[in-house]
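Each chain, letter by letter, is given below.
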Amino acid sequence: MMLNTLFHDKKLIHLQEIDSTNEYAKLLIKELTYVSEGTTIIAKNQLHGRGQMGSSWESNPNQNLTFSVIISPKMLVVEQFQISKIVALALVGFLNQLGIKNISIKWPNDIYIKEKKIAGILIENILKINKIEHSIVGIGLNVNQVNFTTKNATSLQLITSQAYDLNSLLARFLEILERNYFLLKSNQHTVINEAYLKNLLGFQIERKFSTSTEQFKAIITGVSSMGKLQLKRGEQLMEMGIKEITFL
Ligand code: BTN
């Protein structure tokens, strides 16, 4: 029987300053013969935080959570979007526990409060043949920062007018992540898929999208097992990858 303590041997690595906690995690995996699951690298100041699709992740020093968790799911590469789902759901569960309302997952895995982004996820996988040997789960969560250069960003403090202790937030989040990871390890895909769609921004609602050539309205009908967005545009069903479409 698998115990619900997948991160029993985890280590917390606190760094004052680093380029990117994801990059540090990659080096750690390369250099060590064994890295225990749940090992987490957290930086007070991340100098070159990386975001999805080659973007950057800006975060003021000492005000937010920027960290990477190493897991070793040993699952098939074709199932990799399930990791994205359980991480996004862990953030949803965590924000819920803090009493935050109007949380949603903006496909593929941005976390929004109403129309503003509070957290981003960058997952990088290290493969061995057709299996995911290690997955580096990088998370940026806006906590105590109140001024942002981008206008669609928010933070816990902007929402609740309260300051938070970063270390205790991290400990709470890791517990929830571990629980959600357990769902994945015990193959509870229906539970995961239903929860993901329930929290997906715009699910079964008509929204505007744009591709490199046009703008159009469509209804989100689901997400494929490979993580593609499934849309219904008029009578036409379509599947779009992250590089092909922007969700307006
Ligand atoms: C996104 O929304 O584009 C993803 C942002 C992910 C940012 C986190 S911060 C910790 C980890 N280290 C990185 O360099 N990026 C991720």
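Anything mentioned here points back to the structure above.
Now for a look at the structure at hand. (Residues numbered from 1 in each chain as written. Predicted model: local features only at pLDDT ≥ 70, side-chain atom pairs only at ≥ 80, totals over all residues. Heavy atoms only, no water.)

### Points about the pattern of salt bridges
When the charged atoms of two side chains lie near each other, side chains of opposite charge can form a pair. Throughout the structure, instances matching the rule amount to six salt bridges. A salt bridge links glutamate 23 to lysine 26, with the nearest nitrogen and oxygen atoms 3.1 Å apart. Placement of the pair is glutamate 23 and lysine 26 together in helix H1 (residues 21-31), with a separation of three residues, close to one helical turn. Accessibility expressed as a relative area gives 27% for lysine 26, which makes it partly exposed. Between aspartate 110 and lysine 117 there is a salt bridge, and its shortest N-O distance comes to 3.0 Å. With a relative accessible area of 13%, aspartate 110 lands in the buried category. (Salt bridge = Lys/Arg side-chain N within 4 Å of Asp/Glu carboxyl O. Helix = DSSP H or I, 4+ residues; strand = E, 2+ residues; numbered from the N terminus. Buried < 20%, exposed > 50% of the residue type's maximum accessible area, 1.4 Å probe, protein only.)

### Things to note about the packing of helix H2 (residues 81-97) against helix H4 (residues 166-185)
A pair of packed helices can be characterised by two numbers: the angle between their axes and the separation between those axes. Contact geometry of H2 with H4 gives a least axis separation of 9 Å together with a crossing angle of 135°. Judged by the inter-axis angle, H2 sits oblique to H4. Where H2 crosses over H4, the handedness of that crossing is right-handed. The segment H2 lies against H4, with Gln82, Ile83, Ile86, Val87, Leu89, Ala90, Leu91, Gly93, Phe94 and Gln97 engaging Leu169, Arg172, Phe173, Ile176, Leu177, Asn180, Tyr181 and Leu184. Per-class residue counts for the contact of H2 with H4 are 13 nonpolar, four polar and one charged. (Axes fitted to C-alpha atoms, helices over the stretch in contact; angles between N-to-C directions. Parallel < 35°, antiparallel > 145°, perpendicular 65-115°, else oblique. Left-handed = near helix turned anticlockwise from the far one by under 90°. Contact = heavy atoms within 4.5 Å. Nonpolar A, V, L, I, M, F, W, Y, C, P; charged D, E, K, R; others polar.)

### Some thoughts on the site of the ligand
Taken together, 21 residues are adjacent to the ligand, and Ser20, Gln46, Arg50, Gln52 and Lys117 come closest. Between the ligand and arginine 50 there is a distance of 2.7 Å, counted from a nitrogen atom to a backbone nitrogen or oxygen. Here glutamine 52 contributes a backbone N or O atom positioned 2.7 Å from an oxygen atom of the ligand. If you list the elements that add at least two residues to the shell around the ligand, you get H1, strand E3 (65-71), strand E6 (116-128) and strand E7 (131-141). The element best represented in the shell around the ligand is E6, accounting for four residues. Per-class residue counts for the shell around the ligand are five nonpolar, 13 polar and three charged. (Near = heavy atom within 4 Å. Polar contact = N/O pair within 3.5 Å; in protein donor to acceptor, adjacent residues only side chain to side chain.)

### Comments concerning the packing of aromatic side chains
Within the structure shown, the criterion is met by six aromatic pairs. Taken together, a centroid distance of 5.2 Å and an interplanar angle of 40° make the contact between phenylalanine 209 and phenylalanine 247 tilted. Of this pair, phenylalanine 209 sits in strand E8 (residues 206-210) while phenylalanine 247 is found in strand E12 (residues 246-247), placing the two residues 38 residues apart along the sequence. Judged by its relative accessible area of 0%, phenylalanine 209 falls in the buried class. Taking the relative accessible area as the measure of exposure, phenylalanine 247 reaches 8% and is therefore buried. A cation over an aromatic ring shows up here: lysine 106 above the ring of phenylalanine 247, its NZ or CZ 5.1 Å from the ring centre. Looking at arginine 233, its charged tip hangs above the ring of phenylalanine 216, at a distance of 4.2 Å from the centre. (Phe/Tyr/Trp six-rings, centres within 6.5 Å; stacked < 30°, edge-to-face > 60°. Lys NZ or Arg CZ within 6 Å of the ring centre and 35° of its normal.)

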